[in-house]
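Remarks on the overall topology
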Amino acid sequence: MSLLSLFIVALLTICYYVIDLRTLTVDEFLSEYNVRVLELSNAAVLASWRHTTNFTHLHAKLNDDADAAEASYNAVAYKTAKMFLERKQRGDISLSYDEERQLKKVGAASLVGKERNELSGVMNNISTTYALAKVCVDGKDPKDECLNLQPGLDNLMAKNRTYDILQEVWVKWRDNVGSKVRPHISSLITLKNKMARLNGYSDYGAQLRGKYEAEGFEQQIKKLNDQLVPLYKLVHAYVRLKLQQQYGKQVIPDGGMIPACVFGDMWGRFWNDIYDIVEPYPNMTSVDPTAQMLDQNMTVRQMYDIANDFYTSMGLKPLPPRFFELSMLERPTDGTDVECHSTAWDFLDGKDFRIRMCTEVNFKFLEVVHHELGHIQYFMQYAHLPQVYRNGANDGFHEAVGELMGMTMSTVNHLTSVGLLPKTRPAKENGACSSS
């Protein structure tokens, strides 16, 4: 099919949406919207998947086109839904509770023309820069290639215990990525705020907070944070002491903050990988089963099988048959540029659910596998609902489900039950419970 033919088909399709949606009843409109938006969303997710699992200019263009088609239809649907809500407000029509709720969630106004293209370009530049950036560490064998974030730099930050190298990688990553994306971030904020205002919000931050549908949301979060601060300060002080013993007071001084580069994570947010430094009872058998996983020659596929069994043991849904065929569970070995950031994908057709992750055989990734399958479980449980109800209650709740599953599987009892920890373990470290 020629480009002209494709353009004519696209134009006729958009015209059909405009004419058709405005002549339907509320019930017909919601039914029509659910069919059409799922088709367009599926196409957009497929295009995004192709783009992030094989970065090419063609895939970037196809991804942009699919996003534009979905956004165009959603903009029309948003205006139509708003029209029905305004008619209800005037008393011209009546709506059931569910109809009104769905109409409030239908579609979204979007930027058009130059601004839409600019937003698409900005987001593509940021994601591509982040995914493809590399850092070369001084002193590294020049014959070796420099390291991507995942798994190379992630592993270096997790395992290296030389402060100068950790600081060097931390700074170089930010210099390499931050300097390139900073101009785009400024444009992104401006464009996202403008789009949020088109949808009735004061700015993009208000739109994100609006998902939580809670009065005084920021005050609630502050109250929770205030409750956690005393415990956090105790944990922080203990970790600071252990890191000081590792690196010395010239790096980790008494009191105050800890350099973020020593937490074993590129962002200093997860502290799991410095457990060997901060472990409170080092003479006890480790609760990290990585050694056992390696001794058993465990494969990445087996890690997902363990996680799948974890969910089905609770009476939840098993992974669909094509999950393993369609997912990207390891970094490709053929040199294809991919984004490795661990994510779960819902293709919105009720049967295609995938994970994109450069999984490695260790305990940290086993936890992440369980976390991501928590999202997949959420997608499968909601697959029969209208499109507007397929998201989680809010972003935080979706993540909480994944985190809960990750924490639950990491208990000693569960790890022992699946053969990753020995059944006989020391009851306590000598002197650990002695009084003073």
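Everything quoted here is computed from the prediction, not taken from an experiment.

**Thoughts on the overall build of the protein**
Counting secondary structure elements, the protein contains 16 helices and four strands. Considering only C-alpha atoms, the protein reaches an extent of 80 × 50 × 45 Å along its principal axes. When the 436 residues of the protein are sorted by exposure, 41% land in the buried category. Sequence separation of at least 24 residues holds for 69% of the intrachain contacts in the protein that already meet a minimum separation of 6. Of the roughly 24700 Å² that the protein leaves accessible, carbon and sulfur atoms contribute 56%.

**Re the UniProt feature "glycosylation site" (unreviewed entry) in the protein**
Look at the UniProt record and you will see "glycosylation site" (unreviewed entry) annotated at Asn54 and Asn125. Tracing the backbone through its elements, the reader meets Asn54 in the loop between helix H2 (26-52) and helix H3 (57-90). Not counting chain neighbours up to four residues away, the residues in contact with Asn54 comprise His59, Thr336, Asp337 and Val338. Here Asn125 shows up in helix H5 (residues 113-132). In this structure Asn125 comes out as partly exposed when scored by relative accessible area, which is 33%.

**Here's the deal with the UniProt feature "active site" (unreviewed entry) in the protein**
When the UniProt feature table is mapped onto this chain numbering, "active site" (unreviewed entry) sits at Glu372. Within the secondary structure, Glu372 is located in helix H14 (residues 363-381). You can call Glu372 buried: its relative accessible area is 7%. With near-sequence residues (within four places) excluded, Glu372 lies in contact with Ser342, Thr343, Ala344, Ile355 and Met357. Polar side-chain contacts of Glu372 include one of 3.2 Å to the backbone nitrogen of Ala344.

**A look at the nonpolar core**
Within soluble globular proteins, side chains that are nonpolar tend to cluster in buried spots. Counting 35 residues, the largest nonpolar core has Leu153, Met157, Trp173, Leu243, Tyr247, Val262 and Met266 as the members making the most contacts within it. Sorting the residues of this core by element identifies H5, helix H6 (149-159), helix H7 (163-198), helix H9 (217-247) and helix H10 (275-278) as the ones contributing at least two each. Among the elements that take part in this core, H7 stands out by supplying ten residues, more than any other. Looking at this core, you find at least three residues from each of domain 2 (111-204) and domain 3 (219-279). Beyond its immediate chain neighbours, meaning those up to four positions away, Met266 contacts Leu149, Leu153, Met157, Val169, Trp170, Trp173 and Arg174.

**Regarding empty space enclosed by the protein**
Counting across every chain of the model gives two cavities of 30 Å³ or more. In this structure, the largest cavity occupies an estimated 80 Å³ of space. Around the largest cavity, the lining residues are Tyr130, Ala131, Asn148, Leu149, Gln150, Arg331, Val338, Glu339, Cys340 and His341. Broken down by secondary-structure element, the contributors of at least two residues to the lining of the largest cavity are H5 and H6. When grouped by side-chain class, the residues that make up the lining of the largest cavity number five nonpolar, three polar and two charged. Formed jointly, the lining of the largest cavity draws a minimum of three residues from each of two domains, domain 2 (111-204) and domain 4 (289-418). Size it by volume and the second largest cavity reaches roughly 30 Å³. Along the walls of the second largest cavity sit Asn308, Tyr311, Lys317, Leu319, Leu373, Gln377 and Met380, which together make up its complete lining. Here the lining of the second largest cavity takes three residues from H14, the largest share from any one element. Across the lining of the second largest cavity, the residue classes tally to four nonpolar, two polar and one charged.

**Topic: the packing of aromatic side chains**
Counted by the stated rule, this structure contains 18 aromatic pairs. Geometrically, the ring pair formed by Trp49 and Trp345 is edge-to-face, given 5.1 Å between the ring centres and 90° between the ring planes. Here the residue Trp49 occupies a position in helix H2, and Trp345 occupies one in strand E3 (residues 343-346), the gap between them amounting to 296 residues. Trp345 matches Trp49 in its accessibility class, with the two residues each being buried. Pairwise contacts between aromatic rings join Phe29, Tyr33, Tyr73 and Phe84 into one cluster. Here the guanidinium or amino end of Arg354 rests over the ring plane of Trp49, the centre of that ring lying 5.1 Å away. Residue placement shows Arg354 over the ring face of Phe347; its charged tip is 4.0 Å from the ring centre.

**Structural notes on the domain arrangement of the protein**
On domain assignment, one finds that the protein holds domain 1 (23-110), domain 2 (111-204), domain 3 (219-279) and domain 4 (289-418). Its C-alpha centre places domain 1 at a distance of 30 Å from the equivalent point of domain 2. Buried area between domain 1 and domain 2, both sides added, is near 820 Å², and the carbon and sulfur share of it is 48%. In this structure, the connection of domain 1 to domain 2 is made through one salt bridge.

**Examining the pattern of salt bridges**
By the definition in use, this model includes 20 salt bridges. One salt bridge connects Asp65 with Lys61, and the closest N-O pair in it is separated by 2.8 Å. Of this pair, Asp65 and Lys61 both sit in helix H3, separated by four residues, roughly a single helical turn. Residue classification places Lys61 among the partly exposed positions, given a relative accessible area of 46%.

Rules and cut-offs
Residues numbered from 1 in each chain as written. Predicted model: local features only at pLDDT ≥ 70, side-chain atom pairs only at ≥ 80, totals over all residues. Heavy atoms only, no water. Helix = DSSP H or I, 4+ residues; strand = E, 2+ residues; numbered from the N terminus. Buried < 20%, exposed > 50% of the residue type's maximum accessible area, 1.4 Å probe, protein only. Contact = heavy atoms within 4.5 Å. Areas by Shrake-Rupley, 256 points an atom, 1.4 Å probe, with all protein chains shown as cover. UniProt positions renumbered as here; feature names shortened; annotations may be inferred. Polar contact = N/O pair within 3.5 Å; in protein donor to acceptor, adjacent residues only side chain to side chain. Core = buried A, V, L, I, M, F, W, Y, C linked by side-chain atoms within 4.5 Å. Domains from an automatic or database assignment. 1 Å grid on protein atoms, 1.4 Å probe; cavity = no way out; pocket = protein on both sides within 12 Å on 5 of 7 lines; lining within 4 Å. Points joined across faces, edges and corners; volume = space filled by probe spheres on them. Nonpolar A, V, L, I, M, F, W, Y, C, P; charged D, E, K, R; others polar. Phe/Tyr/Trp six-rings, centres within 6.5 Å; stacked < 30°, edge-to-face > 60°. Lys NZ or Arg CZ within 6 Å of the ring centre and 35° of its normal. Buried area = accessible area lost by both parts, 1.4 Å probe. Salt bridge = Lys/Arg side-chain N within 4 Å of Asp/Glu carboxyl O.

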